[in-house]
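Spelled out from the first residue to the last, the chains are:
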Amino acid sequence: MGGVFINGRPLPNHIRLKIVELAAQGVRPCVISRQLRVSHGCVSKILQRYQETGSIRPGVIGGSKPRVATPEVEKKIEQYKRDNPGIFSWEIRDRLLKEGICDRSSVPSVSSISRVLRSKFQNVDSESDDDEQGAGDDINVNDNDKSNKYTIDGLLADGKSEKSEDGKNSSQSL
């Protein structure tokens, strides 16, 4: 590239402004990157940020992120989950945006929403266990009881198998 810029540091604002101005004139990003001696990825990133936020300013370097979900947003997340227990975290995120509760810069990440749900609804973790056990809950098979012999065909036939005289299942054909 040949530019006199420091890797890992933000591009100076006058270069950022020039990138946006050239793009507004219809100059392609690859031409801008050659002309200003910056990488194509840098040009694309700055143009994308400008398109999303209207700002050419760089992101914050270092520091810790502020708490993403405010108490009001947490209450809304809980309400969505109570209203629709099967809702996914990404659906909650989309709804927060659609209903104007959060904007693109303040909406919690999917993982933050999941964390809120785990802390507020402890039974969310046990739902996956229930799903695994759910298939066999109606059938109580005791291994020690020799009179109850089940075949896979008998189980799959939806109760259409009949027990024969000797206690074995004879399945009807599907």
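For the structure itself, consult the block above.
None of these values were measured; they are calculated from a predicted model.

Some remarks on a nonpolar patch on the surface
Here is step 1 of the chain: On the surface, a cluster of nonpolar side chains totalling about 310 Å² of accessible area is made up of Phe 88, Trp 90 and Val 110.
Here is step 2 of the chain: In this structure, Val 110 sits in helix α6 (residues 110–120).

A word on the packing of aromatic side chains
Here is step 1 of the chain: Taken as a whole, this structure holds one aromatic pair when the rule is applied.
Here is step 2 of the chain: Residues Phe 88 and Trp 90 carry aromatic rings whose centres are separated by 6.4 Å and whose planes lie at 10° to one another, so their mutual orientation is stacked.

So, the packing of helix α4 (residues 71–83) against helix α5 (residues 89–98)
Here is step 1 of the chain: Their axes nearest at 11 Å, the elements α4 and α5 cross at an angle of 120°. As far as their axial angle goes, α5 and α4 are oblique. The handedness of the crossing between α4 and α5 is right-handed. Together, Val 73, Lys 76, Ile 77 and Tyr 80 of α4 and Ile 92, Arg 95 and Leu 96 of α5 make up the contact between the two elements.
Here is step 2 of the chain: Tallied by class, the residues present in the contact of α4 with α5 amount to five nonpolar, no polar and two charged.

Points about the pattern of salt bridges
When the charged atoms of two side chains lie near each other, side chains of opposite charge can form a pair.
Here is step 1 of the chain: Applying the stated criterion to the full structure yields one salt bridge.
Here is step 2 of the chain: Residues Arg 95 and Glu 99 are paired through a salt bridge, measuring 3.0 Å at the closest nitrogen-oxygen approach.
Here is step 3 of the chain: A residue is classified by how much of its surface remains accessible, and Glu 99, at 40% relative accessible area, is partly exposed.

Examining the environment of Leu 97
Here is step 1 of the chain: Relative to the elements of secondary structure, Leu 97 occurs in helix α5.
Here is step 2 of the chain: Relative accessible area serves as the criterion here: at 27%, Leu 97 is assigned to the partly exposed category.
Here is step 3 of the chain: Between the C-alpha atoms of Leu 97 and Pro 108, which are eleven residues apart in sequence, the distance is 9.8 Å.
Here is step 4 of the chain: Leave out the neighbours within four places in its chain, and Leu 97 touches Cys 102, Asp 103, Arg 104 and Val 107.

Thresholds, definitions, all that
Residues numbered from 1 in each chain as written. Predicted model: local features only at pLDDT ≥ 70, side-chain atom pairs only at ≥ 80, totals over all residues. Heavy atoms only, no water. Patch = residues over 30% accessible without salt bridge, like charges linked within 9 Å, V, L, I, M, F, W, Y side chains within 5 Å. Areas by Shrake-Rupley, 256 points an atom, 1.4 Å probe, with all protein chains shown as cover. Salt bridge = Lys/Arg side-chain N within 4 Å of Asp/Glu carboxyl O. Helix = DSSP H or I, 4+ residues; strand = E, 2+ residues; numbered from the N terminus. Phe/Tyr/Trp six-rings, centres within 6.5 Å; stacked < 30°, edge-to-face > 60°. Axes fitted to C-alpha atoms, helices over the stretch in contact; angles between N-to-C directions. Parallel < 35°, antiparallel > 145°, perpendicular 65-115°, else oblique. Left-handed = near helix turned anticlockwise from the far one by under 90°. Contact = heavy atoms within 4.5 Å. Nonpolar A, V, L, I, M, F, W, Y, C, P; charged D, E, K, R; others polar. Buried < 20%, exposed > 50% of the residue type's maximum accessible area, 1.4 Å probe, protein only.

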